[in-house]
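As a plain string of letters, each chain reads:
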Amino acid sequence: MSSSPVRVRFAPSPTGNLHIGGARTALFNWLLARKTGGQFIIRVEDTDAERSKRHFEDAILGELRWLGLDWDEGPDVGGPHAPYRQTERMERYNALYTQMLKDGTAYRCTCSEERLNALRADQEAQKAARRGYDGHCRDAGLGADCGPHVVRLRVPEGETHVDDLIKGDVCFANADIEDFVIVRPDGMPMYNFVVVCDDVDMGITHVLRGDEHLINTPKQLLIYAALATAAAGSDLVGTVVPPRFGHMPLILALDGSKMSKRNGETSVGAYRELGIHPEAMMNYLARLGWSHGDQEIFSVDDLRTLFTAEGIGKSPSKWDMEKLTWVNSHWMRALPAETVALRARAFFEARGWSAHPREVALVACLRERTRTLVELADAARIFFTEDYVRDEAVMAATLPAARDVLTGVVTVLSATEDWSEKSLEAAVHGWCETNGIKLGKVAQPVRVALCGQKVGPGLYQTLHVLGREVALQRLQAAIA
RNA sequence: GGUCCCAUCGUCUAGAGGCCUAGGACACCGCCCUCUCACGGCGGUGACACGGGUUCAAAUCCCGUUGGGACUACCA
């Protein structure tokens, strides 16, 4: 095992919001860095001028922070290898592919789009086994003065092995890889090329990414090889070392299809808005494709110590909202009440509810029986407003029959000044004992009078959080 | 079509030849606890895709079949 420091990166394209698959990729890379004392880097891959937008970059970084991830180098914090946005690194790419052109590991191609389309159509029609660029300009020796052109990699003969951390040895025949384009006619370099340039320059040692990139890997390895040729006598000497790759299985929708809006929310932000805690998101994401024995609950600290790339599975997993919700319900109860209350505040505000005098107690009793912050906020309605849902049928069936009990409770509670849970419990208990009535006969009618329905938090909690005035008011209304 | 990846309960997974009449978790069902709900506890339904090998022994290794998926761009 090498002792050189681990340097990993998460390289999002700012063409949309942070997706759950991307979040998991970021998480695993971050864990690898944090566990080994290495560095975690954010690099923005914005070479698609059409689709890249700065506000997406801001949103992605925001979601990563919300999850609790931090980075040692990135577009917002800088670092020794700045800049960290690919569009700001153009001269570098330019220099590198110019060198490749000089070395002959890449070549100019002036094939028109029409020619390429025709070629493709022809291959399709002939049901050709091997498709792709036919090498038309490969040996044309086109110079810089050839007019509009792309730059293609000259793929050598032989085969390329990917020694994958997760999949093991994967072999590709170079003959199956076409001479792909690395630079567009306008000089904008393409993904596979810039990734390699940056990973080399930034000293990336490990790359954990989605399975969809496994097929890109031989192409990238070929670029490493080409760059290694260019390295002789340049500043690249000794630095062109491919990282260790690890390709993680994809996250699919529950029905096995690709995740999309049609079969569930795909963005991290959507789950945040659904009232999922970042701790739960991390916990669930980590368990998707990774495991540690039978353990289900992991704090971020647990993950930081237990995570290993070897624990990552090979088969794709499906996104199960039910399980996420269960994990979330665990964190609803495990987090400090103040933390949950603070997070719940945003959901209360969205409903137009200003601070409640006993808000932490309110959240403390509701989080025991709700699984998300949205569920909690919905359940909190009875504490914030008189405009809550009452089950008229239940009220009609319960209240009139319990008139005497309710009257008695109102009397004793009216005489109770100390509105703490303890005091309330003593008062109600005492009343039950002196009148020889079981608590069960009392609690339900009182709950119905207070909440307008059969279910709710504990009786004394409800009374306490409601407050003396509101509680007595609702009880009185029930016997009026 | 081609290249590559994958295959244990409905879902997430444990399992790295004998510990497996396959374990845990979610969901579902029943019981218990209990002021309701929830939590918690106990129990139940439920899986090694199929076919060949290798081996004294296979969920575990090999081959094939089938089934999923990724890629197949002058996107990333």
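Every chain is numbered on its own, with residues counted from 1 as its sequence reads. Chains and ligands are labelled by the order in which they are written, letters from A for the one and numbers from 1 for the other. Predicted model: local features are reported for residues with pLDDT of at least 70 only, side-chain atom pairs are reported and counted for 80 or more only, and whole-chain, interface and lining totals are derived from all residues. Side-chain metrics rest on all non-hydrogen atoms present in the structure, leaving aside hydrogens and water.

1. With respect to the overall build of chain A
Helix and strand counts for chain A come out as 20 helices and eleven strands. Its C-alpha atoms give chain A a radius of gyration of 31 Å, clearly above 23 Å, the size a compact globule of 480 residues would have. Taking the principal axes of the C-alpha coordinates as reference, chain A spans close to 105 × 50 × 35 Å. We call a residue buried when its accessible area falls under 20% of the maximum for its residue type, exposed when it is over 50%, and partly exposed in between, using a 1.4 Å probe and counting protein chains only. Counting only residues that meet the buried cut, chain A has 49% of its 480 residues in that class. Here, two residues are considered to be in contact whenever any of their heavy atoms come within 4.5 Å of each other. Expressed as a percentage of contacts within chain A between residues at least 6 apart in sequence, the contacts between residues at least 24 apart total 74%. Only the protein chains shown count as cover for residues, with accessible areas throughout obtained via the Shrake-Rupley method and a probe of 1.4 Å. When the accessible surface of chain A is summed, it comes to about 22400 Å², and 52% of that surface belongs to carbon and sulfur atoms. When the 55 basic and 64 acidic side-chain charges of chain A are each reduced to a single mean position, those positions are 3 Å apart. Each helix corresponds to a stretch of at least 4 residues labelled H or I by DSSP, and each strand to a stretch of at least 2 residues labelled E; elements are numbered beginning at the N terminus. With C-alpha atoms as the basis for the radius of gyration, the globule rule is written as 2.2 Å multiplied by the number of residues raised to the power 0.38. Under the convention used here, Asp and Glu are negative, Lys and Arg are positive, and both His and the chain ends fall outside the count. Where a charge sits is defined by one atom per residue type, namely NZ (Lys), CZ (Arg), CG (Asp) or CD (Glu).

2. Side note on the protein's contact with RNA strand B
If a single non-hydrogen atom of a residue is within 4 Å of a molecule or strand, that residue counts as near it. Taken together, 63 residues lie around RNA strand B, and Ser 13, Asp 48, Arg 184, Gly 289 and Arg 369 are the ones closest in. Counting only the atoms of RNA strand B that lie within 4 Å of the protein, the sugar and phosphate share comes to 69%. Separating a sugar or linking oxygen of RNA strand B from a backbone N or O atom of Ala 129 is a distance of 3.2 Å. Among the secondary structure elements, those contributing two or more residues to the surface near RNA strand B are α4 (113-125), β6 (168-173), β11 (317-318), α10 (321-334), α18 (439-451) and α19 (459-466). The biggest single contributor to the surface near RNA strand B is α18, with five residues. Per-class residue counts for the surface near RNA strand B are 23 nonpolar, 15 polar and 25 charged. Identification of polar contacts relies on pairs of N or O atoms within 3.5 Å, with a donor-acceptor requirement for protein atoms, meaning one able to donate a hydrogen and the other able to accept it, and with residues adjacent in sequence counted only if both atoms are side-chain atoms. Each residue gets one of three labels, nonpolar for Ala, Val, Leu, Ile, Met, Phe, Trp, Tyr, Cys and Pro, charged for Asp, Glu, Lys and Arg, and polar for the others, Gly among them.

3. Considerations on the sheet that holds strand β4 (residues 150-153)
DSSP bridges decide pairing: two strands pair if at least two such bridges lie between them. Ordered by their spatial adjacency, three strands build an open sheet running β3-β4-β7, and the pairing between neighbours is antiparallel. Of all the strands in the sheet, the pair left with one neighbour each is β3 (106-109) and β7 (181-183). Within the sheet, the average angular offset between the axes of one strand and its neighbour, ignoring direction, is 45°. One ladder, built from four bridges, connects β3 with β4; its direction is antiparallel. Its bridge partner being in β4, Arg 108 is matched across the sheet by Val 151. Here an angle of 0 to 180 degrees is reported between the N-to-C directions of two axes, which are lines fitted to C-alpha atoms, with helices fitted over the stretch in contact. Along the sheet face, helix α3 (residues 90-103) touches β3, β4 and β7 and points at about 95° away from the line of β3.

4. Notes on the domain arrangement of chain A
For the domain bounds, the source is a domain assignment made automatically or taken from a database. You can read the domains of chain A as domain 1 (89-248), domain 2 (336-379) and domain 3 (392-479). Between the C-alpha centres of domain 2 and domain 3 the distance comes to 23 Å. The interface is formed by seven residues belonging to domain 2 together with eight residues belonging to domain 3. Defined in terms of a 1.4 Å probe, buried area is the accessible area two parts forfeit on being brought together, summed over both. Between domain 2 and domain 3, a total of about 570 Å² is buried, with carbon and sulfur atoms accounting for 67% of that surface. Contact with domain 3 buries surface across domain 2, with Arg 358, Cys 365 and Arg 369 losing the most and accounting together for 70% of the total. By convention in these notes, a salt bridge is any Lys or Arg side-chain nitrogen within 4 Å of a carboxyl oxygen on Asp or Glu. For the pair domain 2 and domain 3, the number of links is zero salt bridges. Scanning the region where domain 2 abuts domain 3 turns up three residue pairs in polar contact (both at pLDDT 80 or more).

5. Observations concerning the layout of surface pockets
Buriedness for pockets is judged along seven lines, at least five of which must meet protein on both sides within 12 Å for an open set on the 1 Å grid over protein atoms alone, while cavities are sets there where a 1.4 Å probe fits but cannot get out, and lining residues have an atom within 4 Å of a point. Grid points are joined across faces, edges and corners, and a volume is the space filled by probe spheres set on the points. Roughly 1000 Å³ of internal volume is contained in the largest pocket. Computed from the structure, the second largest pocket encloses a volume of approximately 650 Å³. Along its surface, the second largest pocket is lined by 27 residues, and Leu 116, Arg 120, Val 150, Arg 152 and Val 181 are the ones closest to its centre. When contributions to the lining of the second largest pocket are tallied by element, the ones reaching two or more residues are α4, β4, β7 and α5 (191-201). It is α4 that contributes the most residues to the lining of the second largest pocket, five residues altogether.

6. Notes on α19
Given 3.6 residues per turn, any residue in an α-helix points the same way as the ones three and four places further on. Most of α19 is tucked away, with seven of its eight residues classed as buried. What α19 keeps buried is the set Leu 459, Tyr 460, Thr 462, Leu 463, His 464, Val 465 and Leu 466.

7. Some points on helix α2 (residues 54-67)
In this scheme, a helix's expected span is set at 1.5 Å multiplied by one less than its residue total. For α2, spanning 14 residues, the distance from its first C-alpha to its last is 20 Å, which sits close to the expected 20 Å at 1.5 Å a residue. Of the positions making up α2, those classed as buried are Phe 56, Glu 57, Ile 60, Leu 61, Glu 63, Leu 64 and Leu 67. Mapping the buried residues of α2 onto a view down its axis gives an arc of 160°, with all of them on the same face. Considering only its buried residues, α2 is in contact with β1 (7-10), α1 (20-36), β2 (39-42), α7 (268-273) and α8 (278-287). Once α2 finishes, Gly 68 follows within two positions and takes phi at roughly 100°, a positive value. Each C-beta atom gives one direction from the helix axis, and the arc is the one those directions make.

8. Overview of the packing of aromatic side chains
Any pair of Phe, Tyr and Trp rings, taking the six-membered ring for Trp, is counted once the centres come within 6.5 Å. Such a pair is stacked with planes under 30 degrees apart, edge-to-face with planes over 60 apart, and tilted for the rest. Evaluation of the coordinates by the stated rule reveals nine aromatic pairs. Seen in terms of ring centroids, Trp 290 and Phe 298 are 5.2 Å apart; in terms of plane orientation they differ by 65°. Their pairing is edge-to-face. Among the aromatic side chains, those forming a connected cluster through ring pairs are Phe 28, Trp 290, Phe 298 and Phe 307. Consider the ring centre and the ring normal. A charge sits over the ring if Lys NZ or Arg CZ is within 6 Å of that centre and within 35 degrees of that normal. Between the NZ or CZ atom of Lys 219 and the centre of the ring of Phe 180, over which it lies, the distance is 5.2 Å.

9. Regarding the nonpolar core
Of all hydrophobic cores here, the largest spans 99 residues; its most connected members are Phe 28, Leu 64, Trp 319, Phe 348 and Leu 413. Not counting chain neighbours up to four residues away, the residues in contact with Trp 319 comprise Ile 20, Ile 251, Leu 252, Ala 253, Leu 254, Met 259, Tyr 271, Met 281, Tyr 284, Leu 285, Leu 288 and Leu 324. In this structure, Val 200, Ile 204, Leu 214 and Ala 231 belong to the second largest nonpolar core, which totals 37 residues. We call a set of buried residues a nonpolar core when its members are Ala, Val, Leu, Ile, Met, Phe, Trp, Tyr or Cys and they connect through side-chain atoms within 4.5 Å of each other.

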